[in-house]
Amino acid sequence: MDQEELTPELEKLLKQVRLREPSQELMADYLAGVNAKIERRMNAPHFGFREAVMVVGVGLILAGLFYFLFAPSLSQERAPEIQPVIARHVQNDAEAIPTLPAGGSEIASLPTVARNDERIQQEALSLEEELALLEAFEEELSNQEGDWLEDEELLEELALLDELEISSASGAQVAAI
Amino acid sequence: MSEKINMSTTDLSDQALVAKAREGDKSAFDALVLRYRAQAILVAQGVLRNFELAKDASQDAFVKAYFGLKHFREAANFKTWLFKIVLNEARDVYRREKARGLFKFQNTRETDEGEESVLEVIPSGGASPREVFEMQETKKQLERAIYRLPERERDVFILRYLNGFALSEAAETLGMAVGTVKAHLAHGTGRLRTMLLAPAQPVNQAGR
């Protein structure tokens, strides 16, 4: 012992004592206990870093497969796109005025509505398509500048066009006779 | 089951046994266990003050050493490396048992005199009964004083003066510089001197 660190009394005291060593009976199966613990650890399932990486990798692959296999079918179940309906709707606007049905201008109702009513009857739209069409019509109606129903100039023009159509139709009938 | 000692391995150095164990020679590792088991229990017992827990902790430390041999640098000191594992394992057991609230600082082994202690008096021939009694009382006071020391000072003191570790071995085992070990020893022996020589004075209750 380093005599510089201990006082004489303490050094003397420490020379008289020691740590109590375990008895031979208590130590008899020590090595067997160590070997048993080693065996148990070797046979125990091990889940370490490598196994965690494998689990994460397999999970990502399965998620990717699920996405590529089922995502397209899930997207097709959505409501049909509104754009083609609106395009058809806008096209109806361009064609609606010259082709108003004879005998009734039905000023109170917009020409595109009559056109669309025929289209709806002819094409037997699904419920979703009908709802989309109505939504698009309402949207377009709200976007129009001014109020068609109260636009007197437009109403006068429509009335004039009705008369022209009627007169041209009656003229054609007379010519046929 | 009696534990056979392979006579061909008992004379080999730690370094040779470690090299053989790394190659897969199980008997070489068994020889290392037999060589250091007693001291491993004593080191663990210095922390736990319970033989059964110390035995269990030291066995777990040997298991960790077995599986850690592939990472052991052959140039390093096997003894200090092993006892570092033993100390860490003992501290883990201490914290675990303390968290459970079941751990009590009691020794489970009884001396012939019916007392419980991790220390024993070295028999000296020709001592009178009175001298033996005084030595037993002094031993108890010493043990109480040691376990009142702060943890680091206590660990250093037990390794150095009760386990016979050299300063460098104690430093390597505890992961300290040699100078730090000396400082802890100086403070620890100073406190022991105060506690043993003046027991009536207020004692620093900085221990566990």
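For the rest of this paragraph, the subject is the nonpolar core. Counting residues in each nonpolar core, the largest one holds 72 residues, and the members touching the most others are Phe62 and Ile146 of chain B. Take this core: its biggest share by element is 14 residues, from helix α2 (residues 26–48) of chain B. Leave out the neighbours within four places in its chain, and Phe62 of chain B touches Tyr30 and Val34 of chain A together with Phe29, Leu32, Val33, Tyr36, Arg37, Ala40 and Leu82 of chain B.

Let us now look at unusual backbone geometry. With phi around 55°, Arg49 of chain B is a residue other than glycine that occupies positive phi space. Its location among the elements puts Arg49 of chain B in the loop between α2 and α3 (51–68).

Across the contact, 31 residues belong to chain A and 49 residues belong to chain B. In total, about 4000 Å² of surface goes out of reach between chain A and chain B, with carbon and sulfur atoms giving 65% of it. Looking only at chain A, the three residues that lose the most surface to chain B are Leu19, Arg20 and Tyr30 of chain A, adding up to 22% of its buried area. Where chain A touches chain B, the interface holds four salt bridges. Between Lys37 of chain A and Asp60 of chain B there is a salt bridge, with the nearest N and O atoms lying 2.9 Å from each other. Inspection of the chain A/chain B interface yields nine residue pairs in polar contact (both at pLDDT 80 or more). Those elements giving two or more residues to the side of chain A that touches chain B turn out to be α1 (8–16), β1 (17–19) and α2 (30–43) of chain A. The greatest single-element share of the side of chain A that touches chain B, amounting to ten residues, is contributed by α2 of chain A. In the side of chain A that touches chain B, the residues fall into 17 nonpolar, five polar and nine charged. Strand direction decides the pairing type here: β1 of chain A and strand β1 (residues 119–121) of chain B, joined by three bridges, are antiparallel. Bridging across to β1 of chain B, Val17 of chain A finds its partner in Val121 of chain B.

What follows deals with the confidence of the model for chain A. With 55% of its residues at a pLDDT of 70 or more, chain A has an overall mean of 71. Of all helices and strands in chain A, the one with the weakest mean pLDDT is helix α5 (residues 111–123) of chain A (54), whereas α2 of chain A scores best (92).

Using the criterion set out here, one finds 17 salt bridges over all chains in the structure. Residue Arg91 of chain B is joined to Glu151 of chain B by a salt bridge in which the shortest nitrogen-to-oxygen separation is 3.6 Å. Taken together, the residues span a long stretch of sequence, with Arg91 of chain B in helix α4 (residues 78–100) and Glu151 of chain B in helix α6 (residues 151–162) at a distance of 60 residues. On the basis of relative accessible area, Glu151 of chain B is assigned to the partly exposed category, the value being 41%. Each of Lys37 of chain A together with Asp56 and Asp60 of chain B takes part in salt bridges that share partners, so that together they form one network.

What follows deals with helix α7 (residues 167–174) of chain B. All names here are of chain B. Here α7 lies mainly inside the structure; six of its eight residues are buried. Within the sequence span of α7, burial applies to Leu167, Glu169, Ala170, Ala171, Thr173 and Leu174. Here the buried face of α7 lies against α4, α6 and α8 (178–197). Just downstream of α7 lies Gly175, where phi reads positive at about 70°.

All names here are of chain B. Closest axis-to-axis distance for the helix α5 (residues 129–146)/α8 pair is 10 Å, and the angle between their directions is 135°. When the interaxial angle is binned, α5 and α8 end up oblique. In this structure, α5 meets α8 at a crossing whose hand is right-handed. Touching Gln141, Leu142, Ala145 and Ile146 of α5 are Leu192, Met195 and Leu196, all from α8. Taken together, the residues that form the contact of α5 with α8 break down as six nonpolar, one polar and no charged.

Here is what the cut-offs are and how they apply
Residues numbered from 1 in each chain as written. Chains lettered and ligands numbered in written order. Predicted model: local features only at pLDDT ≥ 70, side-chain atom pairs only at ≥ 80, totals over all residues. Heavy atoms only, no water. Core = buried A, V, L, I, M, F, W, Y, C linked by side-chain atoms within 4.5 Å. Buried < 20%, exposed > 50% of the residue type's maximum accessible area, 1.4 Å probe, protein only. Helix = DSSP H or I, 4+ residues; strand = E, 2+ residues; numbered from the N terminus. Contact = heavy atoms within 4.5 Å. Buried area = accessible area lost by both parts, 1.4 Å probe. Salt bridge = Lys/Arg side-chain N within 4 Å of Asp/Glu carboxyl O. Polar contact = N/O pair within 3.5 Å; in protein donor to acceptor, adjacent residues only side chain to side chain. Nonpolar A, V, L, I, M, F, W, Y, C, P; charged D, E, K, R; others polar. Pairing = 2+ DSSP bridges. pLDDT = per-residue confidence, 0-100. Axes fitted to C-alpha atoms, helices over the stretch in contact; angles between N-to-C directions. Parallel < 35°, antiparallel > 145°, perpendicular 65-115°, else oblique. Left-handed = near helix turned anticlockwise from the far one by under 90°.

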